[in-house]
Amino acid sequence: MSSIKLNFINESNDLNNSEVVFFQKNVGTNFDELSVAWKVIKNCATGWHHPFEYPMEMKVSASDSWGNEISKPIVANNGQLFHVYEDQSGNQLSYDSPGTSRKEVQLRNDLIKGSIDAKIYKSGKLLAVKTGVSPSQKAVFQFKPTLWVGVVSQVEEGEIMNSAVMSDINTELGLLGLKSADIVMTGGGTGVNATKFQFSLENVVYE
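Everything numeric here is computed off the predicted structure, so don't read it as measured data. (Residues numbered from 1 in each chain as written. Predicted model: local features only at pLDDT ≥ 70, side-chain atom pairs only at ≥ 80, totals over all residues. Heavy atoms only, no water.)

With antiparallel pairing, the 4 strands of this open sheet are ordered in space as 6-5-10-11. Both outer strands of the open sheet, strand 6 (74-76) and strand 11 (125-133), are each paired with one neighbouring strand and no more. Adjacent strand axes in the sheet meet at a mean angle of 30°, parallel and antiparallel pairs treated alike. As paired strands, strand 10 (residues 116-122) and strand 11 are joined by 6 bridges and run antiparallel to one another. What sits directly across from Ala118, in strand 11, is Lys130. (Pairing = 2+ DSSP bridges. Helix = DSSP H or I, 4+ residues; strand = E, 2+ residues; numbered from the N terminus. Axes fitted to C-alpha atoms, helices over the stretch in contact; angles between N-to-C directions.)

Counting buried positions along strand 13 (residues 146-152) yields 6 of 7 residues, so the element is predominantly enclosed. One ladder, built from 4 bridges, connects strand 13 with strand 14 (residues 171-174); its direction is antiparallel. Residue pairing for strand 14: Thr146 is matched across the bridge by Gly174. (Buried < 20%, exposed > 50% of the residue type's maximum accessible area, 1.4 Å probe, protein only.)

Turning to the sheet that holds strand 15 (residues 178-188), a few remarks are in order. Backbone-to-backbone hydrogen bonds join strands into a sheet, with any given pair of strands oriented parallel or antiparallel. A sheet is described by the order of its strands in space; here 4 strands give the open sequence 4-1-15-16, paired in mixed fashion. The sheet is open, and its two edges are formed by strand 4 (49-55) and strand 16 (195-206), each paired on a single side. The sheet shows a mean angle of 20° between the axes of neighbouring strands, direction not considered. In terms of strand pairing, strand 1 (residues 3-10) meets strand 15 through 6 bridges, oriented parallel. Among the inter-strand pairings, Leu6 is bridged to a residue of strand 15, identified as Ala181.

This part takes up unusual backbone geometry. Positive phi, normally seen in glycine, also occurs at Ser136, with a value near 75°. Positionally, Ser136 belongs in the loop between strand 11 and strand 12 (138-141). Taking the relative accessible area as the measure of exposure, Ser136 reaches 57% and is therefore exposed. For Asn203, which is not glycine, the phi dihedral falls at a positive 50°. Checked against the element boundaries, Asn203 lands in strand 16.

Structure below.
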């Protein structure tokens, strides 16, 4: 599976050396759950750029209520159901069967006792997590082909962002069919001339 080559370019008037976060929202749930800071770009001053890739491939992982985490996340595709279960050597994570939705990756807790945290990774970084999945329950993950982006402070990669941070971020960039693109940040500044930060896709190349 291929990756989309992206290049973040800072053309803003930002003097505060702000941090820029990229994340995806899990739309497989019925409520607005908090998202994970998938990628955070720091110290990228005005006039500088930061290339990175957004891979199509995602992997599923799990940790149990004792804090143990599966050592190697498993490649996951939409339409697949995975499960955590116990055998003679302990708790295991594996593919189980086709899921109930072709748009989702699903992970069911088949342990007799103990909740699990279900996790999705992209590019080796945590993309989404569903905590406290009880036995016989399942977590569902569904993502639109978009990236959310915004300016933040004191947000670390892999952390769940609080609702105040997320409510300030309203830019959604469509990735469908993209091969590569620049993500250009403009705006910022201080005093009466300050404007909101804005993000736009430029130099877009389609597949």
